[in-house]
Amino acid sequence: MLTVVKVGGGLGRGAGDEALRALCRVVGDLGERHPLLVVPGGAWFADAVRDADSRFALPATTSHHMAVLGMEQFGWLLSELIPGAVRSAEARPAAGRTTVLLPAALELDGLPASWEVTSDSIAAWVAGEAGAGRLVLVKEVDGVYAEWPARGDPIARMTAAELGALRPAGVDEHLPTLLEAATFETWVISGRDPARLAELLEQGTTVGTRVA
């Protein structure tokens, strides 16, 4: 079963360098045994686009394309950090290798060009196009929480409609719409404990939030 793994850019911010490196080592190892397609987040590259947008009031289509180019740059970085990774401009994994998607050339049909669509929604769109069985959104936190700042344990299971009603921090507004029509399962898990991604791929479940 193909798994699309969106690696959130927040893992590489500040003091998170080693967390990102550790995750990438695990992703490289898992890609030898499981079909994996990595979709990069925007990371600090997208942060620069947000700053430019706020300063110059860019048209939505311009800032959207710039943000996707930010994902592309983070994808190049991930492909260097993930052992044995290959890069691809298409939503098609290579056998026995972790594939990092470089999304700049994708025609993202049907996705609005706005800040309501971030790399989470693009990863969900890619999962649908690639016929994936699972989408994993790897973030800095353990899953989706009922309130923010996070308290206690994340919500273990929820529907796409419940996700849309909750509108949690760190999840873009368009994602629930895509997940309502999805044929794949979706998980939100922490990338600061890479063992959780391994557990999910090997055993089918882990600590985090499953969106049905």
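Everything discussed here concerns the structure shown above.
Below or above, wherever it landed, is the structure these notes cover. (Residues numbered from 1 in each chain as written. Predicted model: local features only at pLDDT ≥ 70, side-chain atom pairs only at ≥ 80, totals over all residues. Heavy atoms only, no water.)

## Some remarks on the overall build of the chain
Note the threshold: Strands are runs of DSSP state E lasting at least 2 residues, helices are runs of H or I lasting at least 4, and numbering of each runs from the N terminus. Throughout, the radius of gyration refers to the C-alpha atoms, and the reference size of a globule is 2.2 Å times the residue count to the power 0.38. Buried, partly exposed and exposed residues are distinguished by accessible area as a fraction of the type maximum, computed with a 1.4 Å probe on protein chains only: under 20%, between the cut-offs, and over 50%, respectively. We call two residues in contact whenever any of their non-hydrogen atoms come within 4.5 Å of each other. Under the convention used here, a 1.4 Å probe and the Shrake-Rupley method define accessible areas, while residue burial counts only the protein chains that appear. In this tally Asp and Glu are treated as negative and Lys and Arg as positive; neither His nor the chain ends contributes. Taken as the charge centre is NZ of Lys, CZ of Arg, CG of Asp or CD of Glu, depending on the residue.
Helix and strand counts for the chain stand at seven helices and eight strands. For the chain, the C-alpha radius of gyration of 16 Å lies close to 17 Å, the compact-globule estimate for 212 residues. For the chain, the spread of C-alpha atoms along the three principal axes comes to 45 × 35 × 35 Å. Here the chain holds 212 residues, and the buried ones make up 50% of them. In the chain, once contacts between residues fewer than 6 apart in sequence are set aside, the share between residues at least 24 apart is 70%. Total accessible area on the chain is roughly 9700 Å²; 51% of this is exposed by carbon and sulfur atoms. Placing the 18 positive and 27 negative side-chain charges of the chain at their respective mean positions leaves the two points 3 Å apart.

## Considerations on the pairing of strand 5 (residues 134–139)
Counted only if it meets this: Only when DSSP finds a minimum of two bridges between them are two strands counted as paired.
In terms of burial, strand 5 is largely enclosed, as six of its six residues are buried. Of the two faces of strand 5, the one carrying R134, V136 and V138 and the one carrying L135, L137 and K139 are both buried. Here five bridges tie strand 1 (residues 3–7) to strand 5, and the two strands are oriented parallel to one another. The residue of strand 5 that forms the bridge with V4 is L135.

## Quick notes on the pairing of strand 1
Most of strand 1 is tucked away: five of the five residues are buried. Every second residue of strand 1 is oriented toward a common face, with T3, V5 and V7 on one face and V4 and K6 on the other, all of them buried.

## Here's the deal with the side chain of D172
In plain terms, the rule: Salt bridges are identified by distance alone: a Lys or Arg side-chain nitrogen within 4 Å of an Asp or Glu carboxyl oxygen. Polar contacts, as used here, are pairs of N or O atoms within 3.5 Å; protein pairs need one atom able to donate a hydrogen and one able to accept it. Residues neighboring in sequence count only if both atoms are side-chain atoms.
Considering the arrangement of structural elements, one finds D172 in the loop between helix 5 (160–166) and helix 6 (175–180). An unpaired buried charge is present at D172: no salt bridge exists, and K139, the closest side chain of opposite charge, is 7.5 Å distant. Polar side-chain contacts of D172 include one of 2.9 Å to the backbone nitrogen of H174.

## Describing the layout of surface pockets
Here is the rule we go by: Definitions used for this entry: grid spacing 1 Å over protein atoms alone; cavity, a set of points where a 1.4 Å probe fits but cannot get out; pocket, an open set with protein on both sides within 12 Å along at least 5 of 7 lines; lining residue, one with an atom within 4 Å of a point. Grid points are joined across faces, edges and corners, and a volume is the space filled by probe spheres set on the points. Each residue gets one label: Ala, Val, Leu, Ile, Met, Phe, Trp, Tyr, Cys and Pro are nonpolar, Asp, Glu, Lys and Arg are charged, and the others, such as Gly, are polar.
In this structure, the largest pocket occupies an estimated 710 Å³ of space. Considering the residues around the largest pocket, the lining is formed by 37 residues, among which K6, T118, D120, K139 and G170 are closest to the centre. Elements represented by at least two residues in the lining of the largest pocket include exactly helix 2 (43–56), helix 3 (60–81) and helix 4 (119–130). Split into classes, the residues belonging to the lining of the largest pocket amount to 18 nonpolar, 11 polar and eight charged. For the second largest pocket, the calculated volume is near 160 Å³. In this structure, the second largest pocket is lined by H64, H65, V68, L69, P103, A104, L106, L108, L111 and A113. A class-by-class count of the residues in the lining of the second largest pocket yields eight nonpolar, two polar and no charged.

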